[in-house]
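Coordinate inspection notes
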Amino acid sequence: MFLENDINRAGSNGWIEVIVGSMFSGKTEELIRRLNRAKIARQNVEIFKPHIDVRYSEDEVVSHNANSIRSTPVETSANILLLASNVDVVGIDEAQFFDAGLSDVCNELANQGIRVIVAGLDMDFKGNPFGPIPSIMATAEYVTKVHAVCMRCGNLANYSHRLAEADKLVLLGEKSEYEPLCRHCYQKIYRAAKTK
Ligand SMILES: Nc1ncnc2c1ncn2[C@@H]1O[C@H](COP(=O)(O)OP(=O)(O)O)[C@@H](O)[C@H]1O
Ligand SMILES: Cc1cn([C@H]2C[C@H](O)[C@@H](COP(=O)(O)O)O2)c(=O)[nH]c1=O
Ligand SMILES: [Zn+2]
């Protein structure tokens with residue numbers, strides 16, 4: 001479990017926390033947990049998500065095990081900067097879908113004294129770094145990698161294997177479109193696909 005800093009740092013010195021992992025690894029659960037604790041500490045919290053992510057709800061961040069928290073859908077990372085006024089903590093879910101400007105936005109917020117908590121996929125279904133996440137990880141103070149359970153062998157999973165037949169980068173989905181896999185099981189499938 002992530003050990004949070006003293007909240008009294010907020011307001012004087014901001015910082016960036018990143019939560020990454022495959023699908024079903026608990027990123028959203030962990031984001032919601034940290035944000036709820038900030039609310040308990042009477043911090044002003046604002047949560048943002050990309051407007052394209054409407055899987056469960058338009059105005060909530062919802063985890064696969066149905067925890068939820070109210071959020072504002074935004075089209076671009078610049079909107080976050082405009083909407084985050086008078087806040088102590090900013091949460092951002094599904095950050096992989098944002099534009100490349102998200103890294104600068106996170107740093108600008110942190111420089112203003114805001115605690116920024118970002119959750120997102122570190123890799124796409126091909127195993128490549130996803131959107132602005134690598135750049136945010138590089139400039140963050142704290143990075144937490146969480147793991148799902150591999151659906152084939154039960155080991156720790158860090159890959160999101162796409163089950164659906166589609167090659168485009170963005171394909172919203174759940175269990176029927178994706179399964180979390182460990183390196184070994186993911187490689188086995190891709191090696192087999194290459195020899196076909
Ligand atoms: N293969 C799996 N490994 C781990 N958790 C899983 C798996 N399949 C379903 N889950 C559920 O997903 C929850 C995590 O959901 P969530 O926080 O939304 O993950 P993420 O945001 O990383 O996709 C777990 O608490 C568990 O109930
Ligand atoms: C790997 C991968 C995923 N997606 C989509 C599928 C889901 O809608 C989200 C990830 O949600 P989660 O909260 O992390 O479970 O991203 C995609 O569009 N492209 C991909 O390569
Ligand atoms: Zn496995």
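As annotated in an unreviewed UniProt entry, the protein chain carries the name Thymidine kinase and comes from Labilibaculum filiforme.

Turning to the coordination of the zinc ion (ligand 3), a few remarks are in order. At 2.3 Å from the zinc ion (ligand 3) lie its protein donor atoms, namely Cys150 (SG), Cys153 (SG), Cys182 (SG) and Cys185 (SG). Here the zinc ion (ligand 3) binds 4 donor atoms, and the angle range of 103 to 117° at the metal identifies the geometry as tetrahedral. Residue classification places Cys185 among the buried positions, given a relative accessible area of 7%.

So, about the UniProt feature "binding site: Zn(2+)" (unreviewed entry) in the protein chain. Mapped onto this numbering, the UniProt entry gives "binding site: Zn(2+)" (unreviewed entry) at Cys150, Cys153, Cys182 and Cys185. A maximum C-alpha distance of 8.0 Å places the annotated residues, which cover 36 residues in sequence, within one compact spot. Tracing the sequence through the fold places Cys182 in the loop between β12 (178-181) and α5 (183-194). With sequence-adjacent residues up to four places away left out, Cys182 is seen in contact with Cys150, Cys153, Asn155, Leu156, Ala157, Asn158 and Tyr159. Along the chain, Cys185 turns up in helix α5.

A few words on the pairing of strand β11 (residues 159-162). Looking along a regular strand, one sees side chains alternate from face to face of the sheet. Of the two faces of β11, the one holding Tyr159 and His161 and the one holding Ser160 and Arg162 are both buried throughout. When β11 meets β12, the two strands line up antiparallel, connected through 4 bridges. Its bridge partner being in β12, His161 is matched across the sheet by Glu179.

The subject of this paragraph is the nonpolar core. In this structure, Ile80, Val90, Ile92 and Val116 are the most contacted members of the largest nonpolar core, which totals 23 residues. When residues of this core are traced back to their parent elements, those giving at least two are β1 (15-21), β6 (89-92), α3 (102-111), β7 (115-121) and α4 (133-139). With 5 residues, α3 is the largest single contributor of residues to this core. Excluding residues that lie within four positions of it along the chain, Ile92 makes contacts with Leu31, Phe48, Ile80, Phe98, Leu102, Cys106, Val116, Ile117, Val118 and Ala119. Residues Met23, Phe24, Tyr178 and Cys185 belong to the second largest nonpolar core, which totals 15 residues.

As recorded in UniProt, the sites labelled "active site" (unreviewed entry) are Glu94. Ignoring anything within four residues of it in the chain, the contact list for Glu94 reads Pro50, Asp53, Arg55 and Ala119. At 2.7 Å, the side chain of Glu94 forms a polar contact with the side chain of Gln96.

Estimates place the volume of the largest pocket at around 400 Å³. Around the largest pocket, the lining is made up of 33 residues, and of these Met23, Lys27, Arg55, His64 and Glu94 lie nearest the centre. Broken down by secondary-structure element, the contributors of at least two residues to the lining of the largest pocket are α1 (27-40), β7 and β11. At 3 residues, α1 tops the list of elements feeding residues into the lining of the largest pocket. Split into classes, the residues belonging to the lining of the largest pocket amount to 14 nonpolar, 11 polar and 8 charged. Computed from the structure, the second largest pocket encloses a volume of approximately 260 Å³. As for the second largest pocket, its lining consists of Phe125, Lys126, His161, Arg162, Leu163, Ala164, Glu165, Ala166, Asp167, Ile189, Tyr190 and Ala193. Secondary-structure elements contributing two or more residues to the lining of the second largest pocket are β11 and α5. Top element by residues in the lining of the second largest pocket is α5. It accounts for 3 residues. When its residues are assigned to classes, the lining of the second largest pocket shows 7 nonpolar, 1 polar and 4 charged.

What counts as what
Residues numbered from 1 in each chain as written. Chains lettered and ligands numbered in written order. Predicted model: local features only at pLDDT ≥ 70, side-chain atom pairs only at ≥ 80, totals over all residues. Heavy atoms only, no water. Donors = N, O, S within 2.8 Å, 3.2 Å for Na, K, Ca; no water. Tetrahedral: all angles 85-135°; square planar, octahedral: opposite > 155°, others 65-115°. Buried < 20%, exposed > 50% of the residue type's maximum accessible area, 1.4 Å probe, protein only. UniProt positions renumbered as here; feature names shortened; annotations may be inferred. Helix = DSSP H or I, 4+ residues; strand = E, 2+ residues; numbered from the N terminus. Contact = heavy atoms within 4.5 Å. Pairing = 2+ DSSP bridges. Core = buried A, V, L, I, M, F, W, Y, C linked by side-chain atoms within 4.5 Å. Polar contact = N/O pair within 3.5 Å; in protein donor to acceptor, adjacent residues only side chain to side chain. 1 Å grid on protein atoms, 1.4 Å probe; cavity = no way out; pocket = protein on both sides within 12 Å on 5 of 7 lines; lining within 4 Å. Points joined across faces, edges and corners; volume = space filled by probe spheres on them. Nonpolar A, V, L, I, M, F, W, Y, C, P; charged D, E, K, R; others polar.

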